[in-house]
Amino acid sequence: MKSHPLEFFKKHDLNARAEQQHVIDMLHENWDKYDYFVGNLPTGVGKTFIACSVADSNQTAYLLTSTLQLQAQYETSWGEVVNLKGRGNYKCNINPEFTVDSAPCFASPELLKECIRDKACAYYNQKNKALAARAMITNPVYLLYSKHCGFASDDDDPWVKRKLLVVDEAHNLENHLVSFAQSKIEPAKLQEEHGARVGHLRFSTDMAKNYELLKQIRDVLMARAVEYEEKLEEEFPKTGGGTKSWARGLSAKVAEKVRKLQVKMYALDKSIQPLNIFFNTHESYEQMNEQWLMHYDDSDNTLQLSPMYGNFLFDYYIKPLADKFMFLSATLGTKSEFCAELGIPDEECLFIETDTPFPPEKSPVIVLPTLKMGMKDLDATLKDMPDVLQRILDVHEGERGIIHCATYRLQEEIFRRLGPKYQARLVCRDMEVIKHAQSGKAGFAKRLSNEELLRMHGENRPGGSVLLSPSMMEGVDLYDDLSAFQIILKMPWPSLGDPRINKKSKLNPDWYTNKVWVHILQAAGRSTRHAEDESVTYVLDASFPWFYSKWKHNLPEWFKRRVHV
């Protein structure tokens, strides 16, 4: 460190909280002893300012976080942070009918060079500004694709090594790496969607033979990608004049045709790049067997490629970017499981935990183990579920809240089964679809996005709006009266139908259990967002007390003080 991180607080007239002071002192005192620093820090500690202060003291840093909201928060917190988003977030300055990810420069390398030279491109201007800045923030998924993936990547490789790389919301890093590399190869679908002549190829239980077929499929797909690029150039009508005047003259109709072709090109690229990642990250078939799971499904002639661990992906794609690494989250789980997944030796990692500044009595977790949520009990449980939920909704009449329902099937069952008075309060993705089906109406009914649901929830509804979702256990900020209560209906076990999860759960049951508790800790933090905020969380799964007693020694004290079984 060039300076003590607390200098950042002084420069910005900030008073470090006790928890921030503890973390920063630990980091400063041990900086030269470790290469990896893991902060398991609950909501309210102020991770953003900790990250900014450590980045400031190291002179050069990459900051990675999963959401646009958090990227904007870092920008606001520290004026020196430059935010870089994906190309689709920027309009083409030459012709605003296009976004940069489908702009005319794709068909004209000359135009691209001219726009970069003249600083006429919003995306490249921001990218150059970010890469020149002491601290830049971006999304880990964007970084992976921008740095490493053919069609989605930039031609140059400007990601120079920096002193520090900070990963916020680091509990998601394994998922980002695995999702980036994982793929399901379906020859018939590739031929149908892209005209790639591989539909006749058949996988089998012979994995060595499948391995050779994958090489063949990759070659065919890469040749098809070249054909797409040639077709893209044909879609842009050529006219006289300079490249910029040509680009300005392109119509909205041309832009729409190009966008449709771009969608196909991105889809093809998403089939090619996982194969490139697969072959780039091992040197022999034997090494591949140690790192990857190849799962053959004869029902649809598919082969799923899944990295078993994130360690070799972290080494290959993230580790070259910095000298030291800091991982921050409110819900990292245990040190041993986090380090094992990324291949970080325990002795090279400083693991720091703090208490929460939030008083536990303001956000109790009330365990009401009334519903058996296992598959064999679910049909019987569905009959009892409405009464249990309606009683809780009556207690919170006129208040907003959220029901974490774990699956879309449960979302639909709850929406259908609750009485009209209660259904009127619910906001869920499929609400219009279910209403159409219930009324017998024909016609199109729209499925809503999480962004649309949150907007509707913010507007409130008669009796108090209640979100009903299986996908808002994290990344949602339901502060103040946006949520006075929340219900965790079911222990959120990852699906054992996923071959990778199934195999890893057998190899390491603790990894599987750790995953579910990370989800619960995230869900329990959606509705109390600052020290003056308050909410109550209800857990209804009958299995919760047993699993809690078995795992509670691994859970943070700030969470256990909230739990009332």
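Whatever comes next refers back to the structure up there.
Residues numbered from 1 in each chain as written. Predicted model: local features only at pLDDT ≥ 70, side-chain atom pairs only at ≥ 80, totals over all residues. Heavy atoms only, no water.

Visitor: Would you explain the nonpolar core in this entry?
Guide: In globular proteins that are soluble, nonpolar side chains generally tend to be buried together. If you look at the biggest cluster of nonpolar residues, it comprises 84 residues, and the most contacted ones within it are L214 and F327. Per-element accounting of this core gives the leading share, 11 residues, to helix 12 (residues 252-280). Formed by 38 residues, the second largest nonpolar core is a distinct cluster that contains L378, L410, F415 and L478. (Core = buried A, V, L, I, M, F, W, Y, C linked by side-chain atoms within 4.5 Å. Buried < 20%, exposed > 50% of the residue type's maximum accessible area, 1.4 Å probe, protein only. Helix = DSSP H or I, 4+ residues; strand = E, 2+ residues; numbered from the N terminus.)

Visitor: Can you help me understand a negative patch on the surface in this one?
Guide: Residues E229, E230, E233 and E234 make up a contiguous surface patch of negative charge. Of the residues examined, E230 reaches a relative accessible area of 47% and is grouped as partly exposed. (Patch = residues over 30% accessible without salt bridge, like charges linked within 9 Å, V, L, I, M, F, W, Y side chains within 5 Å. Areas by Shrake-Rupley, 256 points an atom, 1.4 Å probe, with all protein chains shown as cover. Salt bridge = Lys/Arg side-chain N within 4 Å of Asp/Glu carboxyl O. Lys, Arg positive; Asp, Glu negative; His and termini not counted. Charge placed at Lys NZ, Arg CZ, Asp CG, Glu CD.)

Visitor: Honestly, the side chain of T281 in this entry has me stumped. Any pointers?
Guide: Mapped onto the elements, T281 comes out in the loop between helix 12 and helix 13 (285-291). Engagement of the side chain of T281 in a polar contact is seen with the backbone oxygen of F278, the distance being 3.3 Å. Within the structure, the side chain of T281 is placed 3.5 Å from the side chain of W292, a separation counted as a polar contact. Once you skip the residues sitting within four places of it in the chain, T281 turns out to touch Q287, Q291, W292, F312, L313, Y316 and Y317. (Polar contact = N/O pair within 3.5 Å; in protein donor to acceptor, adjacent residues only side chain to side chain. Contact = heavy atoms within 4.5 Å.)

Visitor: Sorry if this is basic, but what is going on with helix 2 (residues 18-30) here?
Guide: What sets the pattern is the α-helix's 3.6 residues per turn: residues three or four places apart point alike. The terminal C-alpha atoms of helix 2 lie 18 Å apart, and with 13 residues this matches the ideal 18 Å at 1.5 Å per residue to within 8%. Here helix 2 has its buried residues at E19, Q20, V23, I24, L27 and N30. Looking down the long axis of helix 2, one finds its buried residues gathered within 150° of arc, a one-sided arrangement. Residues of helix 2 that are exposed and angled more than 90 degrees away from the buried face: A18 and E29. (Expected span 1.5 Å × (residues − 1). Arc of directions from axis to C-beta.)

Visitor: Explain the sheet that holds strand 14 (residues 466-469) to me, please; I cannot follow it from the model alone.
Guide: By way of backbone hydrogen bonds, the strands of a sheet pair with one another, either parallel or antiparallel. Taking strand neighbours across the sheet as the criterion, the seven strands line up as 13-14-12-15-16-11-17 in an open arrangement whose pairing is parallel. Taken across any chain shown, the strands that pair with only one partner, and hence form the sheet edges, are strand 13 (426-427) and strand 17 (563-564). Bridge count between strand 13 and strand 14: two bridges; the pairing is parallel. Bridge pairing links V427 to L467 in strand 14. Across the sheet, helix 22 (residues 509-524) touches strand 12 (401-404), strand 15 (485-488) and strand 16 (536-541), and the angle it forms with strand 15 is around 165°. (Pairing = 2+ DSSP bridges. Axes fitted to C-alpha atoms, helices over the stretch in contact; angles between N-to-C directions.)

Visitor: Quick question: what am I supposed to make of unusual backbone geometry here?
Guide: One non-glycine residue, N301, lies in positive phi territory at about 50°. By secondary structure assignment, the location of N301 is in the loop between strand 7 (292-297) and strand 8 (302-307). When its relative accessible area of 5% is taken as the criterion, N301 is described as buried. With a phi close to 50°, D480 is a non-glycine residue in the positive phi region. Its location among the elements puts D480 in the loop between strand 14 and strand 15. The class for D480 is partly exposed, based on a relative accessible area of 37%.

The values reported here are purely geometric and, on their own, carry no functional implication.
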